[in-house]
Amino acid sequence: MNEKFFWRKIFDRSPEFIEVSDKLRIRKWLVRNNVDIDSPPILWTGTDPAKIPDDLLAQGVVVKANHGSGTNILLYDTPPDRAAFNWQMERYLRKQQGRKRLEWAYFGIARKIMVEKLVPNITTEFKAYTFGNRIERLVIIYDRFTDQVADVWLPDGKGGFSLSEGRAAVAERANRPLPANTEEALKISGQIGERFDHMRVDILSDGDKLWFSELTIYNMGGHLPYAGDTTSEPVNTSWDLTSSWFMRTPQTGWKRLYAAELKKTLTSHVS
């Protein structure tokens, strides 16, 4: 899987990757593709954090840079030091997301600050690793804002999932049963995933309602610890590059020759 991420960064330059990596534009993409899941309401967008009204920040919000990772500020009330808050958001807006690891899908995003209504009581985050409409790895994170723990679930070969002995890269094991709304989260993830050769779909839950979080083109910067280099893991054998945008889109020049030879190689391995 890690090698395929590296290949994706170099060759698979689907324009759609830019759209779905943008935390603002992804919302219209979901509507256009008839994905039935709500996103937390957007209360404000702009490029100058100083223009965000104080009373808006006092409502319980998450302030984000739409192009970044790790560029969120969670607020339950107005920040005590508004100047420091403004400086931090300006810093996030300038962040060169993806430059270090060639995550090129972030490069073309028109940078903005977005203020999103805080959804209370988020208890669970589903991270579904989709390959077409198949889900070959499910990471469930609990208590993200307190004592974060997580479980990894893998297909059991019978249409369900079994708890893996492995651990997620983000936290220690939780050893909890699947949440009640897992089936609904998996259905939505598969509906999104069927449009791509591979996509990580993140969905939040408050224990009752599901909320869309984000799509991730390059999981953990394009390197999955523990599983990404282990050939026995389903995520490594399930990613079919022949269904990628690069392989399905007519290429020109040397790329056309390369795509033809790569298809031969990939097809011969499958057969």
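To be clear, the structure that these remarks concern was listed above.
Summarised in this report is the structure supplied together with it. Since this is a predicted model, take the numbers as computed values, not measurements.

## Some details on the overall build of the protein
Item 1. Along the protein, the regular secondary structure elements total nine helices and eleven strands.
Item 2. A compact globule built from 271 residues should have a C-alpha radius of gyration of about 18 Å, and the protein, at 19 Å, falls within 12% of that.
Item 3. The C-alpha extent of the protein, read off along each of the three principal axes, is 60 × 50 × 35 Å.
Item 4. Going through the 271 residues of the protein one by one, you find that 51% of them count as buried.
Item 5. Intrachain contacts of the protein at a sequence separation of at least 6 include 62% that bridge at least 24 residues.
Item 6. For the protein, the accessible surface area stands at approximately 13,800 Å², while carbon and sulfur atoms represent 52% of it.

## Regarding the pattern of salt bridges
Item 1. For the structure shown, the criterion picks out 16 salt bridges.
Item 2. Note that Glu19 and Arg32 form a salt bridge whose closest N and O atoms lie 2.9 Å from each other. With Glu19 in helix 2 (residues 15-21) and Arg32 in helix 3 (residues 25-32), this residue pair connects regions lying 13 residues apart in the sequence.
Item 3. In this structure, Asp202 and Lys127 form a salt bridge, with 2.8 Å as the shortest nitrogen-oxygen distance. Highlighted residues: Asp202 in strand 10 (residues 199-205) and Lys127 in strand 5 (residues 124-131), separated in sequence by 75 residues.
Item 4. Owing to a relative accessible area of 0%, Asp202 belongs among the buried residues under this scheme.
Item 5. Lys127 gets classed as buried once you look at its relative accessible area, which sits at 9%.
Item 6. Members of the salt-bridge network, linked through shared partners, are Lys23, Glu125, Lys127, Arg200, Asp202 and Glu214.

## Examining the nonpolar core
Item 1. Counting 35 residues, the largest nonpolar core has Val20, Trp29, Leu138, Ile192 and Leu215 as its most contacted members.
Item 2. One finds Val139, Val152, Leu224 and Leu262 within the second-largest nonpolar core, a separate group that totals 22 residues.

## A few points about the pairing of strand 5
Item 1. For strand 5, a buried count of eight out of eight residues is recorded, marking the element as mostly surrounded by other parts of the structure.
Item 2. Burial along strand 5 is two-sided: Thr124, Phe126, Ala128 and Thr130 facing one way and Glu125, Lys127, Tyr129 and Phe131 facing the other are all buried.
Item 3. Pairing analysis gives eight bridges linking strand 5 to strand 6 (residues 134-142), with the strands arranged antiparallel. Each residue of the ladder has a partner; that of Lys127, found in strand 6, is Val139.
Item 4. Following strand 5, the chain reverses through two residues before pairing antiparallel with strand 6; Gly132 in that reversal takes a positive phi of roughly 65°.

## Examining the environment of Asp143
Item 1. Along the chain, the position of Asp143 falls in the loop between strand 6 and strand 7 (149-155).
Item 2. Asp143 sits 19 residues away from Thr124 along the chain, and the two C-alpha atoms are 6.7 Å apart.
Item 3. Residue contacts for Asp143: discarding those within four places in its chain leaves Thr123, Gln148 and Arg176.

## A short note on the environment of Asp151
Item 1. Note that Asp151 resides in strand 7.
Item 2. Beyond its immediate chain neighbours, meaning those up to four positions away, Asp151 contacts Leu138, Val139, Ile140, Tyr142, Leu163, Arg173, Ala174, Asn175 and Arg176.

## Some words on helix 3
Item 1. Taken together, the buried positions of helix 3 are occupied by Ile26, Arg27, Trp29 and Leu30. The buried residues of helix 3 occupy one face: seen down the axis, they fall within an arc of 160°. Turned more than 90 degrees away from the buried face of helix 3 sit Lys28 and Val31, all of them exposed.
Item 2. On its buried face, helix 3 is in contact with helix 2, strand 1 (42-46), strand 4 (113-117), helix 6 (182-193) and strand 11 (210-216).

## Quick look at unusual backbone geometry
Item 1. In this structure, Leu102 takes a positive phi of about 60° despite not being glycine.
Item 2. Positionally, Leu102 belongs in the loop between helix 5 (82-94) and strand 4.
Item 3. In the Ramachandran plot, Met220 falls in the positive-phi region, its phi being about 50° despite a non-glycine side chain.
Item 4. With respect to the element layout, Met220 can be found in the loop between strand 11 and helix 7 (234-237).

## Thoughts on helix 5
Each α-helix winds once per 3.6 residues, and so residues spaced three or four apart point in a common direction.
Item 1. Compared with the 18 Å implied by 1.5 Å per residue over 13 residues, the 18 Å span of helix 5 between its first and last C-alpha is a close match.
Item 2. Of the positions making up helix 5, those classed as buried are Arg82, Phe85, Asn86, Gln88, Met89, Tyr92 and Leu93. Across the axial projection of helix 5, the buried residues extend over an arc of 165°, all falling on one side. Turned more than 90 degrees away from the buried face of helix 5 sit Ala83 and Arg94, all of them exposed.
Item 3. Elements in contact with the buried residues of helix 5: helix 4 (54-57), strand 2 (61-65), strand 3 (72-75) and strand 4.
Item 4. Between a side-chain oxygen at the N-terminus of helix 5 and the backbone nitrogen of Ala83 the separation is 3.3 Å; the capping residue is Asp81.

What counts and how
- Residues numbered from 1 in each chain as written.
- Predicted model: local features only at pLDDT ≥ 70, side-chain atom pairs only at ≥ 80, totals over all residues.
- Heavy atoms only, no water.
- Helix = DSSP H or I, 4+ residues; strand = E, 2+ residues; numbered from the N terminus.
- Rg over C-alpha atoms; globule rule 2.2 N^0.38 Å.
- Buried < 20%, exposed > 50% of the residue type's maximum accessible area, 1.4 Å probe, protein only.
- Contact = heavy atoms within 4.5 Å.
- Areas by Shrake-Rupley, 256 points an atom, 1.4 Å probe, with all protein chains shown as cover.
- Salt bridge = Lys/Arg side-chain N within 4 Å of Asp/Glu carboxyl O.
- Core = buried A, V, L, I, M, F, W, Y, C linked by side-chain atoms within 4.5 Å.
- Pairing = 2+ DSSP bridges.
- Arc of directions from axis to C-beta.
- Expected span 1.5 Å × (residues − 1).
- Polar contact = N/O pair within 3.5 Å; in protein donor to acceptor, adjacent residues only side chain to side chain.

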